[in-house]
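Listed here are the chains, written in short residue letters.
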Amino acid sequence: MTKFIQSEKFFMPIVYVGFGIIIYLIIAKIIDDLSKINIKHVVGKESGIDKRKKTVINLFKNIIKYIIAIIVIVLILNLYGVNTTSIIASIGVAGAVIGLAFQDIIKDFLAGIFIIFDNAYAVGDWVEINGFKGEVISLGLKTTKVKAYTGEVMILSNSSFNKVVNYNLNHTKLILTLPVAYNTKIEDLENILNGLKEEIVKKKYVYSMELLGVDEFADSSINYAIMIDCAAMKHVGIKREVLKLIKVTFDKEGIEIPYQKIDINIEK
């Protein structure tokens, strides 16, 4: 018994297992550190990708754990004189067959992992993929579902595209051109618009407002430009609300908005 305890068949398996645990902990730490690199913050909303990223990280860790466990078992079996060459060959052949049979699924799976780790887009983002524009309603490791404004849903395999336009990675700059009569005092106009700034910025999805100044001397009006910084894909509704507010305010303050007039003279 003492001789066995002192032999390598007793203590080497312990060494193999110990080294396996240490290697796994080191690799797991590296994966955790790499997952924190190059995180892009999606402005205007919380990222909905964190839970999915953690799932992928745990999946990687489990795969590595099993690989290390298999290597340790093979080393221990070799130590006890078991011929592991045929076992490794069988595993290799089985892996090759599975890889060929499920190569499309594997490509989709890997593409989904890269999408998640790159933060290319998340559920709730407005994107354009292969010419189809809409909101991401589902992001899986195999497929992405995008819902158009009109209700159609496109289901795309994650490996079927490599270019994505994401409208949520930055704010939308909404520029409004306001025509006013030539007899309007620009100072008075700017005072009125500055007075509206606080009310406009309080609106949902609006972050800031800036007066750009006189943009054009048109045939019958001075065109004054303002810029509103707002959430992506919310600019259409915000434009309607702001224009309504400006029109009501201009009417109260006596600011004239020029429009074409046609005089009709009827001779008897």
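Presented here is a report on the structure given in the accompanying data block.

Each value, and the rule that gives it
Residue positions are given per chain, counting from 1 as you read along its sequence in written order. In keeping with the predicted nature of the model, local features appear solely for residues at pLDDT of at least 70, side-chain atom pairs appear and are counted solely at 80 or more, and the whole-chain, interface and lining totals rest on all residues. Only hydrogens and water are set aside; all other atoms, that is, all heavy atoms of the structure, feed into the side-chain values. Think of it this way: any DSSP run of H or I at least four residues long counts as a helix, any run of E at least two long counts as a strand, and we number them from the N terminus. Categorising residues by exposure relies on relative accessible area from a 1.4 Å probe, with only protein chains included: less than 20% of the type maximum marks a residue as buried, more than 50% marks it as exposed, and the intermediate range marks it as partly exposed. The contact rule is simple, with two residues in contact once any of their heavy atoms fall within 4.5 Å. Accessibility throughout is a Shrake-Rupley quantity obtained with a 1.4 Å probe, and a residue counts as covered only by protein chains that appear here. A pair of strands counts as paired when DSSP detects no fewer than two bridges linking them. Every axis in this analysis is a line fitted to C-alpha atoms, fitted for helices over the stretch in contact. Angles between the N-to-C directions lie between 0 and 180 degrees. Side-chain atoms alone can form a polar contact between residues adjacent in sequence; in general such a contact is a pair of N or O atoms within 3.5 Å, and within protein one must be able to donate a hydrogen while the other accepts it. To pair, rings of Phe, Tyr and Trp, with the six-membered ring standing in for Trp, must have centres within 6.5 Å; the planes then decide the type, stacked if under 30 degrees apart, edge-to-face if over 60, and tilted in the middle. Whether a charge sits over a ring depends on NZ of Lys or CZ of Arg being within 6 Å of the ring centre and within 35 degrees of the ring normal. Here roughly perpendicular refers to angles of 65 to 115 degrees, roughly parallel to angles under 35, roughly antiparallel to angles over 145, and oblique to all remaining angles. Each crossing is labelled by how the near helix is turned from the far one, with a counterclockwise turn of less than a right angle marking it left-handed and a clockwise turn marking it right-handed. The classification used treats Ala, Val, Leu, Ile, Met, Phe, Trp, Tyr, Cys and Pro as nonpolar, Asp, Glu, Lys and Arg as charged, and all other residues, Gly among them, as polar. Within the patch definition used here, like charges are joined within 9 Å and nonpolar side chains (Val, Leu, Ile, Met, Phe, Trp, Tyr) within 5 Å, considering only residues with over 30% relative accessible area and no salt bridge. Every case where a carboxyl oxygen of Asp or Glu lies within 4 Å of a side-chain nitrogen of Lys or Arg is listed as a salt bridge.

## Brief notes about the overall build of the protein
Summing up its helical and strand segments, the protein has 7 helices and 8 strands in all. Scored against the burial criterion, the 268 residues of the protein give a buried share of 30%. Counted over contacts in the protein with a minimum sequence separation of 6, partners at least 24 positions apart contribute 63%. When the accessible surface of the protein is summed, it comes to about 17,900 Å², and 60% of that surface belongs to carbon and sulfur atoms.

## Focus on the sheet that holds strand β3 (residues 143–147)
Pairing is antiparallel in the open sheet, where 5 strands are placed in the order β4-β3-β2-β1-β5. Here the strands that pair on one side only, and so sit at the sheet edges, are β4 (153–157) and β5 (164–166). The sheet shows a mean angle of 40° between the axes of neighbouring strands, taken without regard to direction. The pairing of strand β2 (residues 132–139) with β3 spans 4 bridges and is antiparallel. From the neighbouring strand, Glu-135 faces β3, where its bridge partner is Lys-147.

## Regarding the pairing of β4
Here β3 runs beside β4; their pairing, made up of 5 bridges, is antiparallel. The residue of β4 that forms the bridge with Thr-144 is Leu-156. Two successive antiparallel strands, β3 and β4, enclose a turn made up of 5 residues, where Gly-151 displays a positive phi of approximately 110°.

## A few points about the environment of Val-136
Mapped onto the elements of the fold, Val-136 is located in strand β2. Look at Val-136 and you get buried, because its relative accessible area is 0%. As a C-alpha pair, Val-136 and Met-154 span 18 residues in sequence and 9.6 Å in three-dimensional space. Apart from residues lying up to four places away in sequence, Val-136 is in contact with Tyr-121, Ala-122, Val-123, Gly-124, Asp-125, Val-127, Thr-144, Lys-145 and Val-146.

## A closer look at the sheet that holds strand β6 (residues 172–180)
In space, the 3 strands of this open sheet follow the order β6-β8-β7, with antiparallel pairing throughout. Of all strands in the sheet, those bounded by a partner on one side alone are β6 and β7 (206–217). Neighbour to neighbour, the strand axes of the sheet diverge by 20° on average, direction disregarded. Lying on the sheet, helix α6 (residues 186–201) is in contact with β6, β7 and β8 (222–230); it crosses β7 at an angle near 160°.

## Comments concerning the side chain of Ser-221
Structurally, Ser-221 is set in the loop between β7 and β8. Look at Ser-221 and you get buried, because its relative accessible area is 7%. For Ser-221, the side chain forms a polar contact with the side chain of Asn-223, separated by 3.1 Å.

## Some remarks on the packing of aromatic side chains
Each pair of aromatic rings is reported with the distance of its centres and the angle of its planes. Counting across every chain of the model gives 1 aromatic pair. Stacked on the ring of Tyr-205, the Lys or Arg Lys-234 has its end atom at 4.7 Å from the ring centre.

## Quick word on the pairing of β2
Pairing geometry for strand β1 (residues 126–129) and β2, over 4 bridges, is antiparallel. The residue bridging Ile-129 from the neighbouring strand is Phe-132, located in β2. Linking two consecutive strands that pair antiparallel, namely β1 and β2, is a turn of 2 residues; a positive phi of about 50° is found at Asn-130 within it. Between β2 and β3, which pair antiparallel and follow one another directly, the connecting turn spans 3 residues.

## Examining the packing of α6 against helix α7 (residues 235–253)
Put simply, α6 and α7 touch, their axes get as near as 11 Å, and they point 135° apart. Here α6 lies oblique to α7, going by the angle between them. In this structure, α6 crosses over α7, and the sense of that crossing is right-handed. The residues of α7 that touch α6, namely those facing Leu-189, Ile-192, Leu-193, Leu-196, Glu-199 and Ile-200, are Val-242, Leu-245, Ile-246, Thr-249, Phe-250 and Glu-253. Class assignment of the residues belonging to the contact of α6 with α7 gives a composition of 9 nonpolar, 1 polar and 2 charged.

## Regarding a nonpolar patch on the surface
A cluster of nonpolar side chains, contributed by Phe-60, Ile-63, Ile-67, Ile-71 and Leu-75, occupies part of the molecular surface with about 410 Å² of accessible area. Structurally, the position occupied by Leu-75 is in helix α3 (residues 50–79). Accessibility expressed as a relative area gives 34% for Leu-75, which makes it partly exposed.

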